[in-house]
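Each chain, letter by letter, is given below.
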Amino acid sequence: VLHAVELPHLGEGLLSAPRLSIAACGTGPGWRGAALAVSLDDGLRWEAVGSTALPAIIGEIEVPPGSADPAIEDLRNALVVTLMHEGMQLNDAYTALIGDELIQFGNATPLGANRWRLTRLWRGRRGSEASIGLAVAGGRFVLIEPDTLLQRDVPMASSGEVRVMAVAVNDETGVEAHALRT
């Protein structure tokens, strides 16, 4: 499973260029990683960029949260996600990407069958306010942890779609993800 997204700086300071963040995981425990390549020209040329970071905690949104004010803690809504496999766990107080919205959650409650209920939400973090309320069932959930993201600066002149391909050992076709540059 592969996701690529342009994220704002997650620490202090400013970025010198747009940054592509790549998160990947397997559908079962024991996945070790994959080789990565990036294309800025719709797949005409591919540049090898190394291998994936540590396996990310990735899943799908089962029940999206509704709209909320980004200025106050959202105690009304909850988010239910299904993680890719039983080896993935969530803890309290993390940042995650749901669709295109960055959120923080204060509580993570296991529901069984790889499902988790996230509450005490802080919505629209790091400039993602415009995406509040747009997450949909079946949409992406990616836990944001620095050790699980491969981050690459993208040239300022590039615009449009950035394509990322990951090919794991014994994988003949690989998997592709797309991030839209504006």
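Scroll up to find the structure.
The model shown is predicted, which means the values in this text are computed figures rather than measured ones.

Peer 1: How do you make sense of the packing of aromatic side chains when you look at a structure like this?
Peer 2: The geometry of an aromatic ring pair is captured by two quantities: the separation of the ring centres and the angle between the planes. A complete count under the given rule lists 1 aromatic pair for this structure. Look at Y94 and F105: their rings are 6.4 Å apart centre to centre, the planes differ by 45 degrees, and that puts the pair in the tilted class. Separated by 11 residues along the polypeptide, Y94 in strand 7 (residues 94-98) and F105 in strand 8 (residues 101-112) bring together distant segments of the chain. Given the relative accessible area of 26%, Y94 is considered partly exposed.

Peer 1: What is the right way to read the sheet that holds strand 7 from this model?
Peer 2: Strands pair in a sheet through their backbones, by hydrogen bonds, and they do so in one of two ways: parallel or antiparallel. Taken in spatial order, the 6 strands of this closed barrel run 5-6-9-8-7-10, and their pairing is antiparallel. Taking each pair of neighbouring strands and ignoring which way they run, the sheet shows an average axis angle of 45 degrees. Direction of pairing for strand 7 relative to strand 10 (residues 140-144): antiparallel, over a ladder of 4 bridges. Following the sheet pairing, I98 is matched in strand 10 by F141.

Peer 1: Could you clarify how one ought to interpret the pairing of strand 8 in this entry?
Peer 2: The two faces of the sheet receive side chains in turn, since in a regular strand these alternate between them. Relative to strand 8, strand 7 is paired through 5 bridges, and the arrangement is antiparallel. Residue pairing across strands places A96 opposite I103, the latter belonging to strand 8. Linking strand 7 back to strand 8 in an antiparallel pair, the connection comprises 2 residues, with G99 at a positive phi of about 65 degrees. The sheet contact formed by strand 8 and strand 9 (residues 115-122) spans 7 bridges and is antiparallel. Bridge assignment links G112 to a residue of strand 9, and that residue is R115. Linking strand 8 back to strand 9 in an antiparallel pair, the connection comprises 2 residues, with A113 at a positive phi of about 55 degrees.

What counts, and where the lines are drawn
- Residues numbered from 1 in each chain as written.
- Predicted model: local features only at pLDDT ≥ 70, side-chain atom pairs only at ≥ 80, totals over all residues.
- Heavy atoms only, no water.
- Phe/Tyr/Trp six-rings, centres within 6.5 Å; stacked < 30°, edge-to-face > 60°.
- Helix = DSSP H or I, 4+ residues; strand = E, 2+ residues; numbered from the N terminus.
- Buried < 20%, exposed > 50% of the residue type's maximum accessible area, 1.4 Å probe, protein only.
- Pairing = 2+ DSSP bridges.
- Axes fitted to C-alpha atoms, helices over the stretch in contact; angles between N-to-C directions.

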